Amino acid sequence: MRKTLFWLIVLVWVSQVLGAENPAYWWYEQAQLLYQEGDREGALALLLELEKRFPEKRAVLVQAKVLAAQIYFDQGEYQQVIKTLRPLIKEAQLPAQAFLLLAQAAERLGLYDEALTYLRYLKRRFPEEKEICTGNLVAARIFIKRKLKEKANRLATRVLKLSFCTVEEKAQAVSLLLQTGQEPQTVLSFLEENPQAKRYAPEILKVLALWHLKAGKISQAETEIFEYLNYSGDFEEAPVLLYTLAEAYYQARKYRAARRLFELILTSWPHKKEALLAKFRLYQMRYLFEAKIGHKSPQTRRMLIAICNRLEKEYPQEPLTEEALALHARLLFEEKRLEESLAKIWTFLQKYPASRFKPEVLELLCKVGALFEQGLLAKKEYQETYLFLKEHQQEFEEARCGASFYFAAEACLALALTEEAKLILLEGYVLDIPEAWAPDYHLTLADLLLSAQSPEEKQLARQILTSTAKKFPSTVHSPYFIFLQGRAVAQTEPAKALKNFKTVWEKALDQELKERAARSYWDLLIKLGRFEEAFSFLKENRPKNLASYKLLAVELLAEEKLTLARKVISALEKMSPEDPEVQWLKALWLEKEGEEAKALSVWGKMTQGDDLFGSLAAAIVEAARLVEATREEIY
């Protein structure tokens, strides 16, 4: 302020002493000189004083107001520019610079219609002036903001063709062309002919760099990004651009170049979001390298887990968080934190249903789900195992996790829910089943189908056995397969079935399977009427099996095999002489032998019992007494 006041005093004195012929213009020249020297404040003070001292000098005042408007524009006082120049439009012959300043100020204030009006004045009055170049650029920017890219493209192209437009203006025109969607390769020749244009519109370099990144020309893009940062001086953009470049190197598997840039970001801008993203990539690369050499460090894994937690919490919408969440689930699985891993998998599948990482997450789901269900089975939490599959069946089907269906079926079998187990195995049969579990899966399903009443299900069981033998040839030697094969042919090839059952019963190590084979062997002997063999089998292998002896005795009495029935009943009497059911069978045999008196004697003794057989025996004895009384009455 003191400097400005000093200059005013000096100028007043000098103008009076020298007695200039045109003092008003002399004052204008001094203001111009101060403006050129960078003293905008001093120049503006002189111009305002000039207006007060020489109000009658209209021509000089117009020039003074245009210069004042230029100063206001330089200072960002756009409203003051319009206030200074707009009243002069009808009163004076304004130069081209004035209309350009009005248009530029109106554009900065968002007054686009007003700006275009000033530009029309400019083009109509000064069609050949150099201000037309910048005017076209202003109009082009407005049209871009209004999404009128074709108009913007025409104006920017016109600037490139005008010979009197400067390289700086043409550089800005190129930048606008790129914003209208012009292909970047169309401006490459301009940059080759005018390399200095990069200084005037460095944003061209940024556009070209991103274009080259998409085209896979990463080295060229790196050069252009660093040139852009140097020319623009906008280092706030550096982390974003350098991270984009580093990602391109990473995706191209150029890990050394990527690591160099990620480390630069992490050390230079540690407070930025990109620093956390870079940190994730750096530890991810270390993790991948350790996996490649077969030595995964727990420290690396735990550091990655911590970084993933931060990404998911602080930047849930960041694209990299999608990949981090997928990796997070795998890391937790490797840490044997199965429930946490499953939670991350459910979150991922819900949040990113169309992710490119979905296939590997679904593959992981099969591994984690199978281990989790095995753990539940080991703890005999059968209901929880079944409910776990039912709750997430859609996800397991999408992932084609056949093993999860197998373990859920095992849980149902443990709960005696055989029909539900069969349905679960049928649903999972078409899915991918790990080779370690596939034979057991198929055989268990065939076993359940063979127990069904439906002929179609039995036929399906036979088909499954045939396909299992083809897919897994070694399975045909397993006792379980031999047993099921016996069951499958029991009706059509009973001799083969008996042979299979006997083989399993003699050689199987699994006690439960061994018992099933023995039972099936004996049952088939009974169905075939080979009672002597059935009796011999019992004597040799199940001498104390009371239920089997009783069943055999019933069959023999029904078939009138009385001689063999006597032997079986004798054996029963030795095992359990007081058993009322044994006495009942003995009485039936005596009756069939014609020893009715002895039979009645046995039944008579049984009437002392208070069980079902005692009641039945009492009824028979009473019926015999009534018959005898009736006979005596008649005869």
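The structure under discussion appears in the preceding block.
Residues numbered from 1 in each chain as written. Predicted model: local features only at pLDDT ≥ 70, side-chain atom pairs only at ≥ 80, totals over all residues. Heavy atoms only, no water.

1. A closer look at the pattern of salt bridges
Between side chains of opposite charge, a pair can form as their charged atoms come close.
Reasoning step 1: According to the stated counting rule, one finds 27 salt bridges in the structure shown.
Reasoning step 2: Here Arg281 and Glu247 are joined by a salt bridge, their closest N and O atoms 2.5 Å apart. With Arg281 in helix α17 (residues 273–292) and Glu247 in helix α15 (residues 238–251), the pair connects residues that are 34 residues apart, well separated along the chain. Each member of the pair, Arg281 together with Glu247, is buried.
Reasoning step 3: Notably, a salt bridge pairs Arg530 with Glu533, separated by 2.7 Å at the nearest N-O pair.
Reasoning step 4: Residue class for Glu533 comes out partly exposed when judged on its relative accessible area of 34%. (Salt bridge = Lys/Arg side-chain N within 4 Å of Asp/Glu carboxyl O. Helix = DSSP H or I, 4+ residues; strand = E, 2+ residues; numbered from the N terminus. Buried < 20%, exposed > 50% of the residue type's maximum accessible area, 1.4 Å probe, protein only.)

2. Focus on the state of the cysteines
Reasoning step 1: Applying the stated criterion across every chain yields a total of two disulfides.
Reasoning step 2: Across the disulfide, Cys133 is cross-linked to Cys165 (sulfur-sulfur distance 1.9 Å). Measuring the twist about the S-S bond at about -90°, one finds the Cys133-Cys165 disulfide to be left-handed. Remark: Cys165 occurs in the loop between α9 (149–161) and α10 (167–179) and Cys133 occurs in helix α8 (residues 131–145); sequence separation between them is 32 residues.
Reasoning step 3: A disulfide bridge connects Cys366 with Cys401, and the sulfur atoms are separated by 2.0 Å. One disulfide, between Cys366 and Cys401, carries an S-S torsion of -85° and so falls in the left-handed class. Highlighted residues: Cys366 in helix α21 (residues 358–378) and Cys401 in the loop between α23 (393–399) and α24 (402–414), separated in sequence by 35 residues. Assigned by exposure class, Cys366 and Cys401 land together as buried.
Reasoning step 4: By sequence-ordered numbering of the bonded cysteines, the protein has its disulfides arranged as 1-2, 3-4. (Disulfide = S-S within 2.5 Å.)

3. With respect to a positive patch on the surface
Reasoning step 1: Side chains of Lys123, Lys151, Arg154 and Arg158 sit close together on the surface and give a patch of like positive charge.
Reasoning step 2: Here the positive patch gets three residues from one element, more than from any other, and that element is α9.
Reasoning step 3: Summarising the element assignment, Lys123 is placed in helix α7 (residues 112–125).
Reasoning step 4: A residue is classified by how much of its surface remains accessible, and Lys123, at 31% relative accessible area, is partly exposed. (Patch = residues over 30% accessible without salt bridge, like charges linked within 9 Å, V, L, I, M, F, W, Y side chains within 5 Å. Areas by Shrake-Rupley, 256 points an atom, 1.4 Å probe, with all protein chains shown as cover. Lys, Arg positive; Asp, Glu negative; His and termini not counted. Charge placed at Lys NZ, Arg CZ, Asp CG, Glu CD.)

4. Brief notes about the environment of Val66
Reasoning step 1: Within the secondary structure layout, Val66 lies in helix α4 (residues 58–74).
Reasoning step 2: We classify Val66 as buried; its relative accessible area is 4%.

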